[in-house]
Amino acid sequence: MSDINALLTPGMLVQHPQQPGWGVGQVQSNIGGKITVNFREEGKVVIDATQVTLILIGST
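Residues numbered from 1 in each chain as written. Predicted model: local features only at pLDDT ≥ 70, side-chain atom pairs only at ≥ 80, totals over all residues. Heavy atoms only, no water.

Peer 1: Just give me the short version of the pairing of strand S1 (residues 12–15), but keep the residues and values in it.
Peer 2: With burial as the criterion, only one face of S1 is covered, namely that bearing Met12 and Val14; the residues Leu13 and Gln15 on the opposite face remain uncovered. As paired elements, S1 and strand S5 (residues 55–59) share 4 bridges and run antiparallel to each other. In the sheet register, Met12 faces S5, and the bridge partner there is Ser59. Where S1 meets strand S2 (residues 25–31), 2 bridges bridge the pair, whose relative direction is antiparallel. Across the sheet, Leu13 pairs through a bridge with Gln26, a residue of S2. (Buried < 20%, exposed > 50% of the residue type's maximum accessible area, 1.4 Å probe, protein only. Helix = DSSP H or I, 4+ residues; strand = E, 2+ residues; numbered from the N terminus. Pairing = 2+ DSSP bridges.)

Printed below as a string of structure tokens:
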């Protein structure tokens, strides 16, 4: 897991680097390298933190 992914907590806003069309997402959980994010345009997605480094936008 990347350093930034390890720091993500519920409520933080992120973007998926390979899926810009999904828009901004809000982190729902970060457990055992699986990050659940609710994206504005895609809905709830589980991200494998070993494969994707999310882009931190901010927090709510």
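Peer 1: Break down the environment of Gly32 for me, citing the residues and quoting the values.
Peer 2: In this structure, Gly32 sits in the loop between S2 and strand S3 (34–39). Overall, the relative accessible area of 78% leaves Gly32 in the exposed class. Along the sequence, Gly32 and Asn5 sit 27 residues apart, while their C-alpha atoms lie 11 Å from each other.

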